[in-house]
Amino acid sequence: MDYKNAGVDIEAGYRSVELMKEHIKKTMRPEVMTNIGGFSGAFSANALKQMENPTLVSGTDGVGTKLKLAFLMDRHDTIGIDCVAMCVNDIACAGGEPLFFLDYIACGKNRPEKIAEIVKGVAEGCAQAGAALIGGETAEMPGFYPEDEYDLAGFAVGVVDAKDMITGQTVKENDVLIGIASSGVHSNGFSLVRRVFEMTRERLDTYEEELGTTLGEALLAPTKIYVKALKHIKECGVTIKACSHITGGGFYENIPRMLPEGMCAQIEKDSYPIPPIFRMLAREGKVSEKGMYNTYNMGIGMVIAVDPKDASAAMAAIEAAGETCYRIGKTVAGEKGVCLC
């Protein structure tokens, strides 16, 4: 008896690392001081000396049950983008610049080519965010996970000068709320998605005229990474007063998190087009309107608050970064929360 016979293939682990390296290379930053394969990742802090009060911000998350779709469709090259997005978008909400990222993959059986596909997506997400992929872990856990399944989680660290942190404390009445478009369902609410739609390969491969693609492709579309868009806003001289990443809990849970006490977000539902995937979810699942806005991003992946005089410049900066945005409402005095009208 040996470790391989017990279900853990060390050689497959070595091969996985070798296959990853080509993808990881494109995420490197000058501050990275170690190579992949070491016991830890080292990142120089010299660049932080230029800040008055450098403050580290961090985020950690996974992809949730969206992974079940990747298993069914045998598509593993974009799920890593979701993992990175869930972490770096939270860092960007604080005004932070993502510096580096580490991933954790736990699987029932290490299939090097599949692991490399997952990491390819992670590396793509890191490249979009400007973060270095400086390390990670692939754990082969036979008997704990089915052979063809895995879990994926990540951890990111960023930095912001304390004076530039986005805290929401300066939000006042009549500030403009700008919504940046999502790419679809992103990475939340998939336990409900899997109850609404039949989770078979045949159903996921069905072309839906309403969606302009197959159901599976629409659902698997990777989460948008908003780091570049928020950076563009800052570079054009606009101060983002508050920022919210619309994840699990939708509008009702996430938008209030960016507001100070005594301020309410008034959102105009007709101010932007709701993507067809959400209309299909609501219709086929008989989900109430409140249930939808309390679970999904409904087409808006990030919401920011700016001074009215800065709204046009902020929207121009977002569009220059390649994203679509809408003026979706304003702040009003009242109990902290969200009002949809």
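One can find the structure itself at the top, above this paragraph.
As a starting point, this report considers the structure included with it.

Criteria and cut-off values
- Residues numbered from 1 in each chain as written.
- Predicted model: local features only at pLDDT ≥ 70, side-chain atom pairs only at ≥ 80, totals over all residues.
- Heavy atoms only, no water.
- Salt bridge = Lys/Arg side-chain N within 4 Å of Asp/Glu carboxyl O.
- Helix = DSSP H or I, 4+ residues; strand = E, 2+ residues; numbered from the N terminus.
- Buried < 20%, exposed > 50% of the residue type's maximum accessible area, 1.4 Å probe, protein only.
- Pairing = 2+ DSSP bridges.
- Axes fitted to C-alpha atoms, helices over the stretch in contact; angles between N-to-C directions.
- Contact = heavy atoms within 4.5 Å.
- Parallel < 35°, antiparallel > 145°, perpendicular 65-115°, else oblique.
- Left-handed = near helix turned anticlockwise from the far one by under 90°.
- Nonpolar A, V, L, I, M, F, W, Y, C, P; charged D, E, K, R; others polar.

## Describing the pattern of salt bridges
Tallied over the entire structure, the rule returns 25 salt bridges. Arginine 29 is paired through a salt bridge with glutamate 97; the nearest N and O atoms lie 3.0 Å apart. Separated by 68 residues along the polypeptide, arginine 29 in the loop between helix H1 (10-24) and strand E1 (54-62) and glutamate 97 in strand E2 (residues 97-107) bring together distant segments of the chain. The partly exposed category is assigned to glutamate 97, whose relative accessible area is 36%. The shortest N-O distance in the salt bridge between aspartate 77 and arginine 75 comes to 3.2 Å.

## A word on the sheet that holds E2
As summarised here, the arrangement of the four strands in space is E1-E4-E2-E3, forming an open sheet in which the pairing is mixed. Each having just a single partner strand, E1 and strand E3 (132-140) make up the two edges of the open sheet. Averaged over neighbouring strand pairs, the angle between their axes works out to 15° when direction is ignored. Here helix H4 (residues 112-129) sits on the sheet and contacts E2, E3 and strand E4 (150-161); the angle it forms with E2, its principal contact strand, is near 165°.

## Re the packing of H1 against H4
Running from amino to carboxyl end, H1 crosses H4 at an angle of 30°, the nearest separation of the two axes being 8 Å. It follows that H1 is roughly parallel to H4 by the angle criterion. Between H1 and H4 lies a crossing whose hand is right-handed. When H1 is examined against H4, the residues Ala12, Arg15, Ser16, Leu19, Met20, His23 and Ile24 are found in contact with a partner set consisting of Pro112, Glu113, Ile115, Ala116, Val119, Lys120 and Ala123. Taken together, the residues of the contact of H1 with H4 sort by class into nine nonpolar, two polar and three charged.

The quantities given are spatial measurements derived from coordinates; they are silent on function.
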